[in-house]
Amino acid sequence: MPLLVPPAPAPALLSVLAALSSPTAVLEARTPALRTAEGPLAAEHPLPVHVFEPAAVPGALPQARLTGWRFHIRAGARVAAAGETVLTPDGWVFSRFSEGPFLVSIERALVQAEALPATYQPHLLSVPRLYMLALWLHRVPRAEAATAQPDPDDLLVPLAPAPPGIAAHRVYRMTELARVLSVRLAPPPLAGSPA
């Protein structure tokens with residue numbers, strides 16, 4: 001089934017397009033593939049980026065906080081980099097260009113998601129303390145991207161490289177993987193207290 005990609009805020013897209021048209025921004029980017037790309041560059045595949053926040057109550061669902069939008073930067077037939085934006089008090093602004101293993105992994109996970117029998121809304125879910133990124137497939141395909149929250153029927157596809165013990169590109173139910181992530185992110189027990 002097709003994925004229903006939420007529309008990116010116009011200022012987020014415009015900030016990435018402005019950076020792409022700036023020779024300084026492109027040349028100073030730490031993305032060799034972008035600096036050496038030939039031909040026109042295009043921003044596509046907008047994905048809202050949320051930060052995973054463990055549930056405050058054991059057994060409850062985690063929360064997700066929208067922190068940015070990520071666009072794939074296409075150079076001809078290939079994706080050369082990602083363009084990222086962040087939300088500031090003044091609105092959406094360009095943050096940086098990036099490349100690396102997550103870029104290829106996102107492309108692969110999107111293809112996986114397209115083959116699923118249901119329609120989902122794709123998001124990226126970041127777990128910074130575990131250096132983890134996952135494709136979050138929200139079961140409400142027409143949800144407002146800024147306010148979307150995890151649902152028990154949502155799916156997560158961890159991107160490569162994934163933390164030890166979590167299989168990259170395996171499709172997990174939200175409840176299954178959220179429990180594992182919440183345990184890993186829990187503060188260690190205080191000295192002298194029962195574990």
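Residues numbered from 1 in each chain as written. Predicted model: local features only at pLDDT ≥ 70, side-chain atom pairs only at ≥ 80, totals over all residues. Heavy atoms only, no water.

Trainee: Explain the sheet that holds strand E1 (residues 41–53) to me, using residue names and the numbers behind them.
Mentor: Judged by pairing direction, the sheet is mixed, and its eight strands sit side by side in the order E4-E3-E2-E1-E5-E6-E7-E8 without closing on themselves. On the outer flanks of this sheet lie strand E4 (91–98) and strand E8 (172–173), each paired with one strand and no other. In terms of strand pairing, strand E2 (residues 63–75) meets strand E3 (residues 78–88) through eight bridges, oriented antiparallel. Along E3, the bridge assignment pairs Ile 73 with Ala 81. Seen against the sheet, helix H4 (residues 101–114) touches E1, E2, E3, strand E5 (121–127), strand E6 (132–138) and strand E7 (155–158) and runs at an angle of roughly 100° to E2. (Pairing = 2+ DSSP bridges. Helix = DSSP H or I, 4+ residues; strand = E, 2+ residues; numbered from the N terminus. Contact = heavy atoms within 4.5 Å. Axes fitted to C-alpha atoms, helices over the stretch in contact; angles between N-to-C directions.)

Trainee: Residues and numbers for the pattern of salt bridges, please.
Mentor: Proximity of charged atoms lets side chains of opposite charge pair with each other. Taken as a whole, this structure holds eight salt bridges when the rule is applied. The partner of Glu 53 in a salt bridge is Arg 65, and the shortest N-O contact between them spans 2.6 Å. Linking Glu 53 in strand E1 with Arg 65 in strand E2, this pair joins segments that are 12 residues apart in sequence. Overall, Glu 53 belongs to the partly exposed group, its relative accessible area being 29%. Relative accessible area serves as the criterion here: at 42%, Arg 65 is assigned to the partly exposed category. Ionic pairing is found between Asp 151 and Arg 139, a salt bridge with its closest N-O pair at 2.6 Å. Of the two residues, Asp 151 is situated in the loop between E6 and E7 and Arg 139 in the loop between E6 and E7; the sequence distance between them amounts to 12 residues. Through salt bridges with shared partners, a single ionic network connects Arg 139, Asp 151, Asp 153 and Arg 173. (Salt bridge = Lys/Arg side-chain N within 4 Å of Asp/Glu carboxyl O. Buried < 20%, exposed > 50% of the residue type's maximum accessible area, 1.4 Å probe, protein only.)

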